[in-house]
Amino acid sequence: MIDYLIVGSGLAGISFSETALLHGKTVLVMDDNSQNSSKIAGGLYNPVILKRFSEVWHAKEQLELMTSFYSRLESKLHTQFDFKKPILRKFFSIEEQNNWFAASDKPNLSPFLSLNLITKKYNGIDSPFDYGEVLHTGYVDTAKLVAAYQTYLKDNNWFMDVRFNYSELVVKDDGVLYEGIKAKNIVFAEGFGMHANPFFKHLPLDGTKGELFIIKAPDLELDVIVNTSVFILPLGDGLFKVGATYNWKDKTATPTEDGKIELVERIQEIINCPFEIIAHFAGIRPTVRDRRPLVGTHPQYKCVHLLNGLGTRGVMLGPEMAMALFNAIENQIPLDREVDFNRIKPKNFR
């Protein structure tokens, strides 16, 4: 009997799988790669919500945990995917500068917002009002991480490339049985695919569609991430990842002409040099209206668990939420009320 059967190998599934393995548990991960939000994500980690100049929930704790988590994973997988890189907020007015300095005076934000304006002029961007620098930032190459971790699991016979069939799952008092596989626990980390899950489909996972580009802009000389209405992330060789849109209505993972037009307009607001769209991606982020994850154990089946709703900040949230769920299962440490899905009263559970 294995300790954990994990459904999903995006950021949530990787975070929980690795947490369990670090604590000496056995795992088997199942994924048919039908959900792509982790693989196409921008992967930025940033402790500040730049739209409102407010702190990300649990930012300090998340940064500390994710730093050691990804460093350890890089050593294990012999692959670099965590890249420390400054994030600059381009200012469009003196008022925005003033709002930045007002925010940087707040005790919870002062560790993350530099008091020194960045006056450097980057070829391809007009910046008459300069930039503010966010500290302790960077990005995780999520596609690289997912691919490397799946390979690692496969090499150890801990991965099955299959579509999970809920009707085949038998839940017992001491664990679960799935097509001959016995496990003490099952953790569903399916992202937006949770809507097909009979155990948790009644929870309010909305999902927001995000569209991104890879563009080629040889005249854009940028060695930092610029974040305004969209982010521009340098990939090297004149290539940049740009995103993202937010669409609460469209639940398809298909790129759209509307999304393309929106991204092009936003790019043109930031840069003043020619660019070519090399690739256009779309995915559904697993988001919740109250901007908190959905984590916990099924109220009826004590060996059935959920790790979902990481939204736009899965890179930061994943390690912390995985540890919280693991501690709740193994050590009976209660989940934070803000992330426990029992804060929500669904109409009914299966």
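These numbers were taken from a predicted model, which means no experiment stands behind them.

Draft legend 1. Inspection of the overall build of the protein at higher detail. Counting its secondary structure elements, the protein contains seven helices and 20 strands. Computed over the C-alpha atoms, the radius of gyration of the protein is 21 Å, within 12% of the 20 Å expected from 2.2 N^0.38 for a compact globule of 350 residues. Expressed along its principal axes, the backbone C-alpha trace of the protein runs to roughly 65 × 40 × 40 Å. Within the protein, the proportion of its 350 residues that are buried is 54%. For the protein, contacts bridging at least 24 residues in sequence account for 73% of all contacts bridging at least 6. Taken as a whole, the protein presents about 15600 Å² of accessible surface, with 50% of it coming from carbon and sulfur. When the 39 positive and 42 negative side-chain charges of the protein are each reduced to one mean point, those points stand 4 Å apart.

Draft legend 2. Highlighting the sheet that holds strand β14 (residues 208-216). One open sheet holds the seven strands; their spatial order is β8-β7-β15-β16-β17-β14-β18, and the pairing between them is mixed. The open sheet has two edge strands, β8 (131-134) and β18 (276-285), and neither has a second partner. The average undirected angle you get between the axes of adjacent strands in this sheet is 25°. In this sheet, strand β17 (residues 239-243) lies alongside β14 in antiparallel orientation, the contact comprising five bridges. The residue of β17 that forms the bridge with Leu212 is Gly243.

Draft legend 3. Here's a closer look at helix α4 (residues 94-104). Every buried residue of α4 is accounted for by Glu96, Gln97, Trp100, Ala103 and Ser104. Taken around the axis of α4, the buried residues stretch over an arc of 125°, which confines them to a single face. The inward-facing, buried residues of α4 contact β7 (87-90) and β8.

Draft legend 4. The arrangement of the environment of Glu190 in detail. With respect to the element layout, Glu190 can be found in the loop between β13 (181-188) and β14. For the pair formed by Glu190 and Leu306, sequence separation is 116 residues and the distance between their alpha carbons is 8.9 Å. Excluding residues that lie within four positions of it along the chain, Glu190 makes contacts with Val7, Gln35, Tyr166, Asn197 and Asn308. A distance of 2.9 Å separates a polar atom in the side chain of Glu190 from a polar atom in the side chain of Asn197.

Draft legend 5. Expanded view of the nonpolar core. Core analysis: the largest hydrophobic core is formed by 64 residues, its most contacted members being Tyr4, Phe16, Tyr70, Leu145 and Leu307. At eight residues, the largest contribution of residues to this core is made by helix α7 (residues 314-331). With near-sequence residues (within four places) excluded, Leu145 lies in contact with Leu11, Ile14, Tyr70, Leu73, Leu77, Phe81 and Val140.

Draft legend 6. Structural view of the sheet that holds strand β3 (residues 44-45). Taken together, three strands build an open sheet; the order of strands is β3-β9-β6 and the sheet is antiparallel. Single-partner strands in this sheet number two, and they are β3 and β6 (82-84). Pairing of β3 with strand β9 (residues 138-140), which is carried by two bridges, proceeds in the antiparallel orientation. Across the sheet, Leu44 pairs through a bridge with Tyr139, a residue of β9. Contacting β3, β6 and β9, helix α3 (residues 59-77) crosses the sheet at an angle of about 125° to β6.

Draft legend 7. Main features of the side chain of Glu74. Mapped onto the fold, Glu74 is located in helix α3. Comment: no salt bridge for buried Glu74; closest opposite-charge side chain is Lys84, at 7.2 Å. Once residues within four sequence positions are removed from consideration, Glu74 is found in contact with Thr79, Gln80, Phe81 and Asp82.

Draft legend 8. Seen up close, the packing of aromatic side chains. Evaluated as defined, the whole model comprises 19 aromatic pairs. With a centroid separation of 4.3 Å and an interplanar angle of 15°, the aromatic rings of Phe164 and Tyr178 are classed as stacked. Linking Phe164 in the loop between β10 (159-160) and β11 (169-172) with Tyr178 in strand β12 (residues 175-178), this pair joins segments that are 14 residues apart in sequence. Exposure remark for Phe164: the relative accessible area of 9% places this residue in the buried category. For the pair Phe188 and Phe200, a centre-to-centre distance of 6.3 Å together with 70° between the ring planes defines the contact as edge-to-face.

Draft legend 9. Spotlight on the environment of Ile232. Along the polypeptide, Ile232 turns up in strand β16 (residues 231-236). You can call Ile232 buried: its relative accessible area is 0%. In this structure the C-alpha to C-alpha distance between Ile232 and Gly243, which are eleven residues apart in sequence, comes to 7.1 Å. Those residues in contact with Ile232 that sit more than four places away from it in its chain are Leu220, Leu222, Val224, Ile225, Val226, Phe240, Lys241, Val242, Ile270 and Ile271.

Draft legend 10. Examining unusual backbone geometry more closely. Omega for the peptide link from Gly243 to Ala244 comes to 0°, which places this bond in the cis form. By the element assignment, Ala244 lies in the loop between β17 and α6 (257-270). Although it is not a glycine, His78 adopts a positive phi angle of roughly 55°. Structurally, His78 is set in the loop between α3 and β6. Backbone geometry at Asp237 places phi at a positive 60°, although glycine is not the residue there. On the basis of relative accessibility, which here comes to 71%, the residue Asp237 falls in the exposed class.

What counts as what
Residues numbered from 1 in each chain as written. Predicted model: local features only at pLDDT ≥ 70, side-chain atom pairs only at ≥ 80, totals over all residues. Heavy atoms only, no water. Helix = DSSP H or I, 4+ residues; strand = E, 2+ residues; numbered from the N terminus. Rg over C-alpha atoms; globule rule 2.2 N^0.38 Å. Buried < 20%, exposed > 50% of the residue type's maximum accessible area, 1.4 Å probe, protein only. Contact = heavy atoms within 4.5 Å. Areas by Shrake-Rupley, 256 points an atom, 1.4 Å probe, with all protein chains shown as cover. Lys, Arg positive; Asp, Glu negative; His and termini not counted. Charge placed at Lys NZ, Arg CZ, Asp CG, Glu CD. Pairing = 2+ DSSP bridges. Axes fitted to C-alpha atoms, helices over the stretch in contact; angles between N-to-C directions. Arc of directions from axis to C-beta. Polar contact = N/O pair within 3.5 Å; in protein donor to acceptor, adjacent residues only side chain to side chain. Core = buried A, V, L, I, M, F, W, Y, C linked by side-chain atoms within 4.5 Å. Salt bridge = Lys/Arg side-chain N within 4 Å of Asp/Glu carboxyl O. Phe/Tyr/Trp six-rings, centres within 6.5 Å; stacked < 30°, edge-to-face > 60°.

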